[in-house]
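Letter by letter, the chains look like this.
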Amino acid sequence: MPVSLLTVGRFVDFPVSRGAKQSYDRTNAPPRKGLTVAAKPVAKRLVVLVSGSGTNLQALLDAIETTGTEAYGAEIVAVGADREGIEGLARAERAQIPTFVRKVKEFGTRDEWDAALAEAVAGYEPDLVVSAGFMKIVGKEFLARFGGRFVNTHPALLPSFPGPHGVRDALAYGARVTGCTVHFVDDGVDTGPIIAQGVVEVRDEDDESALHERIKEVERRLLVEVVGRLARNGYRIEGRKVVIQ
Ligand code: GRF
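Reference entry: report on the structure contained in this document.

Parameters and conventions
Residues numbered from 1 in each chain as written. Predicted model: local features only at pLDDT ≥ 70, side-chain atom pairs only at ≥ 80, totals over all residues. Heavy atoms only, no water. Phe/Tyr/Trp six-rings, centres within 6.5 Å; stacked < 30°, edge-to-face > 60°. Helix = DSSP H or I, 4+ residues; strand = E, 2+ residues; numbered from the N terminus. Buried < 20%, exposed > 50% of the residue type's maximum accessible area, 1.4 Å probe, protein only. Lys NZ or Arg CZ within 6 Å of the ring centre and 35° of its normal. Contact = heavy atoms within 4.5 Å. Axes fitted to C-alpha atoms, helices over the stretch in contact; angles between N-to-C directions. Left-handed = near helix turned anticlockwise from the far one by under 90°. Parallel < 35°, antiparallel > 145°, perpendicular 65-115°, else oblique. Pairing = 2+ DSSP bridges. Right-handed = clockwise from strand over helix to strand, strands pointing away. Near = heavy atom within 4 Å. Polar contact = N/O pair within 3.5 Å; in protein donor to acceptor, adjacent residues only side chain to side chain. Areas by Shrake-Rupley, 256 points an atom, 1.4 Å probe, with all protein chains shown as cover. 1 Å grid on protein atoms, 1.4 Å probe; cavity = no way out; pocket = protein on both sides within 12 Å on 5 of 7 lines; lining within 4 Å. Sits in = over half its atoms within 2 Å of the grid points. Nonpolar A, V, L, I, M, F, W, Y, C, P; charged D, E, K, R; others polar.

## Some words on the packing of aromatic side chains
Across all of its chains, the model carries 6 aromatic pairs by this definition. Between phenylalanine 100 and tyrosine 124, the ring centres sit 5.8 Å apart and the planes meet at 15 degrees, which makes this aromatic pair stacked. Taken together, the positions of phenylalanine 100 in strand β4 (residues 99-101) and tyrosine 124 in the loop between α5 (110-122) and β5 (128-131) put the pair 24 residues apart, joining distant regions of the chain. Given the relative accessible area of 7%, phenylalanine 100 is considered buried. Ring-pair connections join several aromatic residues into one group, and the members of that group are Phe142, Phe146 and Phe150. The ring of tyrosine 72 is capped by arginine 232, whose NZ or CZ atom sits 5.9 Å from the centre of that ring.

Next up, the structure:
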């Protein structure tokens, strides 16, 4: 069960991955007595999944560019999508990051699509997978491989207003505050352990688009901060609680 991956209080300290090994500063000779050979900080490998305009992806790209991969703690090794012709993919291409597309309709069943998506992501050996406006629910195979290291951002304060219309639903309900939630993905719809949340006030004059734009300003900053902290510090998931070291 994918959920069990999220419930055992496992500490995820990112075992050294393929790319990481190469950047360790090592020598084959045993260190001389009293000499400490320090490992360089290692950037974690991120695969980002998108379905639309990709401004959250852009925020991650900009933060990594500005801060540097080692200081930020992560690099984006690939961007995946469920459709072609989107600005999210164009942003990745401009940044010269490999992209891949797996469309549901190209597969006989949803499970086959899910397995193909998981396989494509696995090919990049990510430490973390980030769903940044990826508008598909992944299935068992994906969660079996990436449960506990698959992060999503949602434009509402979960557990209120889950699903694809979080902004519209909060507005229609008459909520006076809403916001965004960065959380780990489990096998429910926007039900996984919450990592961080940001609050946005609803204004009387708001329509869905104006409110969503203000949420996205907060969401981009939150996602950049959370992904960096997860990557740099490691974390553990204890039931519903996420503890970043
Ligand atoms: C974000 O608000 C995300 O939470 C939602 O879709 C939006 C994606 O925006 N699921 P972008 O593609 O990153 O600009």
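## A word on the environment of proline 98
Here proline 98 shows up in the loop between α4 (87-94) and β4. You can call proline 98 partly exposed: its relative accessible area is 37%. Put simply, proline 98 and valine 77 are 21 residues apart on the chain and 7.0 Å apart in space, counted from C-alpha to C-alpha. Ignoring anything within four residues of it in the chain, the contact list for proline 98 reads Val77, Ala78, Val79 and Tyr124.

## Brief notes about the packing of helix α7 (residues 166-173) against helix α8 (residues 208-233)
Here α7 crosses α8 at 115 degrees, and the two axes come no closer than 9 Å. Considering how the two elements wind past one another, α7 and α8 form a crossing that is right-handed. Every residue of α8 that contacts α7 at Val167, Arg168 and Leu171 is listed here: Glu208, Leu211, His212 and Ile215.

## So, the packing of helix α2 (residues 55-67) against α8
Between α2 and α8, the shortest axis-to-axis distance is 9 Å and the interhelical angle comes to 45 degrees. By the criterion of interaxial angle, the relationship of α2 to α8 is oblique. The hand of the α2/α8 crossing is right-handed. Of the residues in α8, those touching α2 at Thr55, Asn56, Ala59, Leu60 and Ala63 are Lys216, Glu219, Arg220, Leu223, Val224 and Val227.

## Some points on the pairing of β5
Of the two faces of β5, both are covered, the one formed by Leu128 and Val130 as well as the one formed by Val129 and Ser131. Relative to strand β6 (residues 150-154), β5 runs parallel, the two sharing 3 bridges. Bridge pairing in β6 places valine 129 opposite phenylalanine 150. Once you follow β5 into helix α6 (residues 140-146) and on to β6, the crossover reads as right-handed.

## Some points on the site of the ligand
Inspection of the region around the ligand gives 13 residues, with Ser53, Gly54, Thr55, His212 and Glu219 positioned closest. Residue lysine 216 places a side-chain N or O atom 2.8 Å away from an oxygen atom belonging to the ligand. The protein chains hide 90% of the 370 Å² of surface that the ligand would expose on its own. According to the grid-proximity analysis, the pocket containing the ligand is the largest pocket. Taken together, the elements giving at least two residues each to the shell around the ligand come down to α2, β6 and α8. The element contributing the most residues to the shell around the ligand is α8, with 3 residues. Considering only residue class, the shell around the ligand consists of 2 nonpolar, 9 polar and 2 charged.

The quantities given are spatial measurements derived from coordinates; they are silent on function.
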